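Survey of secondary and tertiary structure
What follows is each chain in one-letter form.
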Amino acid sequence: MITTDFVPGSPCWLDLGAPDVAAASAFYGPVLGWEFEHPEGAEDFLLATADGRVAGGIGPLTERGARSAWMVHFFTPDVHETAASVLRAGGTVRVEPRDVAGWASLAQFTDPQGGRFAVWTPGRAGGLAAVDGPGGLCWTELYTTDAAGALAFYETVFGWWHQDTPMPGGSGTYTIVTPAGQPPERMHGGVLQVGPAELTLSRGTPAWHPVFAVLDCDAAAATVGARGGLVVMGPETAPGIGRMAVCTDPSGADFVLMTPGP
């Protein structure tokens, strides 16, 4: 489960880089039940809320040639120390550590396999408040071409511990990750090794994507299609987990909808 009592290495923020912020909000509002507001002094950025609680953000896509994508941020008490750890572990720094007008301190990185992620130290913005409920982030997933290498990297940077579980039908291994020193119920994500052909949504590059909880996966997936997005897989039921659909928004950013099982 994802919680809001952030510990080092736990998901604490996510935002979308969108080519058209207004169009993105018009899509995600009906799909996830979000409402939007501009934070003070940031007219080009939108805060998304679910039932009045902050669920993430949408901002302009500013990096030339980059695809529209969700960026998962993990909590760190010191962005500079984490940046040094990333470099020591073989990753790269894409956006140097910086303070965003007292709102938060952040930095963005690329792991050795090519997966992009970020870290976040809350300032005036406390981080995600809507988690594990309708419209909130409930899981994070990394699809990568080298699961062992990725896990070694993230364990070095964040101290995550992991547990392997077999995929249904013997189709592979899914690795669950949990923040350092936390009990199993604080698991927050998974790592899956895939081939390049299974990374078409991210242009062949390993990538993190968010999983959002919804009350009715089928209804939310139907809204994705009606609003110009694409349902790539599902909805289908994963025994013991819930009903899920892999989707992309009209600009190609991928995400997953899930109605958790009982």
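The sections below set out a description of the structure shown in this document. (Residues numbered from 1 in each chain as written. Predicted model: local features only at pLDDT ≥ 70, side-chain atom pairs only at ≥ 80, totals over all residues. Heavy atoms only, no water.)

**Remarks on the pattern of salt bridges**
Charged atoms that come close allow side chains of opposite charge to pair. Quick reminder of the rule: A pair is scored as a salt bridge if a Lys or Arg side-chain nitrogen falls within 4 Å of a carboxyl oxygen belonging to Asp or Glu. Think of it this way: any DSSP run of H or I at least four residues long counts as a helix, any run of E at least two long counts as a strand, and we number them from the N terminus. Exposure classes here rest on a 1.4 Å probe applied to the protein chains alone. A residue is buried below 20% of its type maximum, exposed above 50%, and partly exposed in between.
Within this structure, the stated rule accounts for three salt bridges. With a shortest N-O distance of 3.4 Å, Arg186 and Asp5 are connected by a salt bridge. Placement of Arg186 in the loop between strand 11 (173-178) and strand 12 (189-193) and of Asp5 in the segment before strand 1 (11-18) is noted, with a sequence separation of 181 residues between them. In this structure, the salt-bridge partner of Arg243 is Asp218, at a minimum N-O distance of 2.6 Å. Here Arg243, found in strand 15 (residues 242-248), pairs with Asp218, found in helix 4 (residues 217-226); they are 25 residues apart in sequence, far enough to count as distant. Assessed through its relative accessible area of 34%, Asp218 is described here as partly exposed.

**Some thoughts on the environment of Gly252**
Our working definition: Any two residues having at least one pair of non-hydrogen atoms within 4.5 Å are treated as being in contact.
If you trace the backbone, Gly252 turns up in the loop between strand 15 and strand 16 (254-260). Accessibility expressed as a relative area gives 28% for Gly252, which makes it partly exposed. The contact partners of Gly252, leaving out residues within four places of it in the chain, are Arg67, Ser68 and Leu201.

**Quick look at the side chain of Arg67**
Applied cut-off: We call two N or O atoms a polar contact when they sit within 3.5 Å, provided that within protein one can donate a hydrogen and the other can accept it, with sequence-adjacent residues counted only if both atoms are side-chain atoms.
Topologically, Arg67 is positioned in the loop between strand 4 (53-60) and strand 5 (69-75). Reaching out from Arg67, the side chain makes a polar contact with the side chain of Asp254 at a distance of 3.2 Å. Look past the residues within four positions of Arg67 in its chain and what remains in contact with it is Leu61, Leu201, Ser202, Arg203, Ala207, Gly252 and Asp254.

**A look at the sheet that holds strand 13 (residues 207-213)**
This is how the line gets drawn: Two strands form a pair only when DSSP identifies at least two bridges running between them. Note on method: axes are straight lines fitted to C-alpha atoms, helices fitted across the in-contact stretch only, with angles between N-to-C directions ranging 0 to 180 degrees.
Read across the open sheet, the eight strands follow the order 10-11-12-9-13-16-15-14; overall the sheet is mixed. Of all the strands in the sheet, the pair left with one neighbour each is strand 10 (161-166) and strand 14 (230-238). The sheet shows a mean angle of 25° between the axes of neighbouring strands, taken without regard to direction. Pairing between strand 14 and strand 15: six bridges, direction antiparallel. Within the sheet, the bridge partner assigned to Glu236 lies in strand 15 and is Met244. Across the sheet, helix 4 lies against strand 14, strand 15 and strand 16, angled at about 10° from strand 15, the strand it touches most.

**Let's talk about the side chain of Thr110**
Structurally, Thr110 can be placed in strand 7 (residues 104-110). Filtering out sequence-adjacent residues up to four positions away, Thr110 remains in contact with Gly91, Thr92, Arg94, Gly115, Arg116 and Phe117.

**Remarks on the pairing of strand 16**
Most of strand 16 sits out of view: six of its seven residues are buried. Two strands pair when backbone bridges link them, and strand 13 and strand 16 are joined in this way by three bridges, in the parallel orientation. Within strand 16, the position partnered with Val211 by the bridge is Val256. Pairing geometry for strand 15 and strand 16, over seven bridges, is antiparallel. Following the sheet pairing, Cys247 is matched in strand 16 by Phe255.

**Looking at the packing of helix 2 (residues 79-88) against helix 3 (residues 147-158)**
Helix-helix packing is described using two parameters, namely the angle between the two axes and the distance between the axes. Selection criterion: Every angle not falling under 35 degrees, over 145, or within 65 to 115 is termed oblique; those three ranges are roughly parallel, roughly antiparallel and roughly perpendicular. Helix crossings get a hand from a simple test, with the near helix turned counterclockwise from the far one by less than a right angle marking a left-handed crossing and a clockwise turn marking a right-handed one. For this scheme, ten residues count as nonpolar: Ala, Val, Leu, Ile, Met, Phe, Trp, Tyr, Cys and Pro. Four count as charged, namely Asp, Glu, Lys and Arg, and the remainder, Gly too, count as polar.
For the pair helix 2 and helix 3, the least separation of the axes is 9 Å and the interaxial angle reads 150°. In terms of axis orientation, helix 2 runs roughly antiparallel to helix 3. As for the relative orientation of helix 2 and helix 3, their crossing is right-handed in sense. Seen from helix 2, the contacting residues are Thr82, Ser85 and Val86; seen from helix 3, they are Phe153, Thr156, Val157 and Phe158. The residue makeup of the contact of helix 2 with helix 3, split by class, is four nonpolar, three polar and no charged.

**Quick look at the packing of aromatic side chains**
The relative placement of two aromatic rings is captured by the distance of their centres and the angle of their planes. Going by this rule: The aromatic pairing rule takes the rings of Phe, Tyr and Trp, using the six-membered ring of Trp, and pairs them if the centres are within 6.5 Å, calling planes under 30 degrees apart stacked, those over 60 edge-to-face and the rest tilted.
Here the structure, examined in full by the defined rule, presents 29 aromatic pairs. The interplanar angle of 10° and the centroid separation of 4.8 Å between the aromatic rings of Trp13 and Trp120 together place this pair among those described as stacked. Note that Trp13 is positioned in strand 1 and Trp120 in strand 8 (residues 116-122), a separation of 107 residues in sequence. Each member of the pair, Trp13 as well as Trp120, carries the same accessibility label: buried. Aromatic side chains Phe158 and Trp160 sit 5.3 Å apart centroid to centroid with 25° between the ring planes, which places their arrangement in the stacked category. The same class applies to Phe158 as to Trp160, namely buried.

**Section: the nonpolar core**
The condition that has to hold: What we call a nonpolar core is a set of buried Ala, Val, Leu, Ile, Met, Phe, Trp, Tyr and Cys residues that are connected through their side-chain atoms within 4.5 Å.
Within the largest apolar cluster, 44 residues are counted, with the highest numbers of intra-cluster contacts made by Tyr28, Trp34, Trp70, Phe255 and Leu257. Examining the composition of this core, we find that six residues originate from one element, helix 1 (residues 21-32), more than from any other. Once residues lying within four places of it in the same chain are set aside, the contact partners of Tyr28 are Leu16, Gly33, Trp34, Phe36, Ile58, Trp70, Asp249, Ala253 and Phe255. By size, the runner-up hydrophobic cluster in this structure holds 21 residues, among which are Phe109, Leu151, Phe153 and Phe158.

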